[in-house]
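What the coordinates show
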Amino acid sequence: MKPIIAPSLLSADFGNLERDVRMLNESQADWMHLDIMDGMFVPNISFGIPVVKAVRKISEKPLDVHLMIMQPERYIHTFKQAGADLLTVHWEACTHLHRTITQIKEEGMLAGVAINPHTPVAGLEDIINDVNLVLIMSVNPGFGGQKFIPRSLHKIEELAEMIKRNNSEALIEVDGGVCRDNVTSIINAGADAVVAGNAVFGSSDPAAEIIALKEL
């Protein structure tokens, strides 16, 4: 089965955002990944709700919205209204993770939980049957262009084993440093979906790069 490719709009040309979104519409990309950063949970600020709304008006693909923010439960309904199809929150940012996941699903979105590179997979055991997706950060969140952390492959394998053991239907998504050189290893470890930012938008032919990532 070919992997889900979710190009990250954080690496798009914001002076030509509509052009880049329409390019993804015509490409073999499966989702569009939007990273929301608040400058508190991560040391950077990206974009917010108005950009999600603008992309929703143009996009013909599902919007995979990744909240790298504190207290994400405050904005669940708002991001649903903005057009998110899948909403992922960080394990580290949620005091009451089960409640937050439940709220996301009650809004009619798929619910994801993300973990940082230092967070052990074992902490997901009690939530793995409640989420639709687990996002493994393979770089430290907050900035694009970082190198893939090799130990992430072990975490993907460990998570895949947990999902199988619990008869969970959760997908595994990997975000950070994904490129042609490592995507095969990432998929072989058990990932179902990969986020690709610089690999796609840094290419001279982004649509062709998406095909390459999907076919490798």
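Attention here is on the structure that accompanies the text. Since we're looking at a predicted model, the values are computed, not measured. (Residues numbered from 1 in each chain as written. Predicted model: local features only at pLDDT ≥ 70, side-chain atom pairs only at ≥ 80, totals over all residues. Heavy atoms only, no water.)

Considering the pairing of strand 3 (residues 63-68)
Where burial is concerned, most of strand 3 is hidden: six out of the six residues are buried. Side chains of strand 3 alternate between two faces, with Leu 63, Val 65 and Leu 67 and Asp 64, His 66 and Met 68 buried alike. Following the backbone out of strand 2 (residues 32-37), through helix 2 (residues 49-58) and into the adjacent parallel strand 3, one traces a crossover that is right-handed. Relative to strand 4 (residues 86-90), strand 3 runs parallel, the two being bridged by three bridges. When the sheet's bridge partners are listed, Asp 64 is paired in strand 4 with Leu 86. Remark: the strand 3/helix 3 (residues 76-82)/strand 4 crossover connection has right-handed handedness. (Buried < 20%, exposed > 50% of the residue type's maximum accessible area, 1.4 Å probe, protein only. Helix = DSSP H or I, 4+ residues; strand = E, 2+ residues; numbered from the N terminus. Right-handed = clockwise from strand over helix to strand, strands pointing away. Pairing = 2+ DSSP bridges.)

Digging into unusual backbone geometry
Notably, Gln 71 is not glycine yet its phi reads approximately 45°, a positive angle. Summarising the element assignment, Gln 71 is placed in the loop between strand 3 and helix 3. Assessed through its relative accessible area of 42%, Gln 71 is described here as partly exposed. The residue Asn 167 is not glycine, and still its phi comes out positive at about 55°. Structurally, the position occupied by Asn 167 is in the loop between helix 5 (152-165) and strand 7 (171-175).

What about the packing of aromatic side chains?
For the coordinates displayed, the defined rule picks out one aromatic pair. Between Phe 14 and Phe 47 the ring centres are 5.6 Å apart and the planes differ by 40°, which places this aromatic pair in the tilted class. Here Phe 14 is found in the loop between strand 1 (4-7) and helix 1 (17-26), whereas its partner Phe 47 is found in the loop between strand 2 and helix 2, with 33 residues between them in sequence. (Phe/Tyr/Trp six-rings, centres within 6.5 Å; stacked < 30°, edge-to-face > 60°.)

Some words on the nonpolar core
Core analysis: the biggest nonpolar cluster contains 59 residues, and Val 65, Leu 87 and Leu 159 have the highest contact counts within it. Tallying contributions element by element places helix 5 first for this core, with four residues. Other than its neighbours up to four places away in sequence, Val 65 contacts Leu 34, Ile 36, Val 52, Phe 79, Ala 84, Leu 86, Leu 87 and Thr 88. (Core = buried A, V, L, I, M, F, W, Y, C linked by side-chain atoms within 4.5 Å. Contact = heavy atoms within 4.5 Å.)

Focus: the sheet that holds strand 3
A sheet is described by the order of its strands in space; here eight strands give the open sequence 1-8-7-6-5-4-3-2, paired in parallel fashion. What marks the edges here is a single partner per strand, and that holds for strand 1 and strand 2. In this sheet, neighbouring strand axes are inclined to one another by 25° on average, regardless of whether the strands run parallel or antiparallel. Where strand 1 and strand 8 (residues 193-196) come together, four bridges link them in parallel fashion. Bridged to Pro 7 within strand 8 is Ala 196. Packed on one face of the sheet, helix 4 (residues 97-106) meets strand 4 and strand 5 (110-115) and runs near 145° to strand 5. (Axes fitted to C-alpha atoms, helices over the stretch in contact; angles between N-to-C directions.)

Re the pattern of salt bridges
In the structure shown here, the tally under the stated rule is eight salt bridges. Residues Glu 215 and Lys 2 are paired through a salt bridge, measuring 2.9 Å at the closest nitrogen-oxygen approach. One end of the pair, Glu 215, is in helix 8 (residues 206-215); the other, Lys 2, is in the segment before strand 1, with 213 residues separating them in the sequence. Residue Arg 19 is joined to Asp 13 by a salt bridge in which the shortest nitrogen-to-oxygen separation is 3.6 Å. (Salt bridge = Lys/Arg side-chain N within 4 Å of Asp/Glu carboxyl O.)

Side note on the side chain of Ser 27
Structurally, Ser 27 is set in the loop between helix 1 and strand 2. Of note is the side chain of Ser 27, whose polar atom sits 2.8 Å from the backbone oxygen of Leu 24. (Polar contact = N/O pair within 3.5 Å; in protein donor to acceptor, adjacent residues only side chain to side chain.)

Re the pairing of strand 7
Counting buried positions along strand 7 yields four of five residues, so the element is predominantly enclosed. Note that strand 6 (residues 133-137) and strand 7 share five bridges and pair parallel. The residue of strand 7 that forms the bridge with Ile 136 is Val 174. Sheet topology note: the strand 7/strand 8 ladder contains three bridges and is parallel. Note on strand 8: the bridge partner recorded for Val 174 is Val 194.

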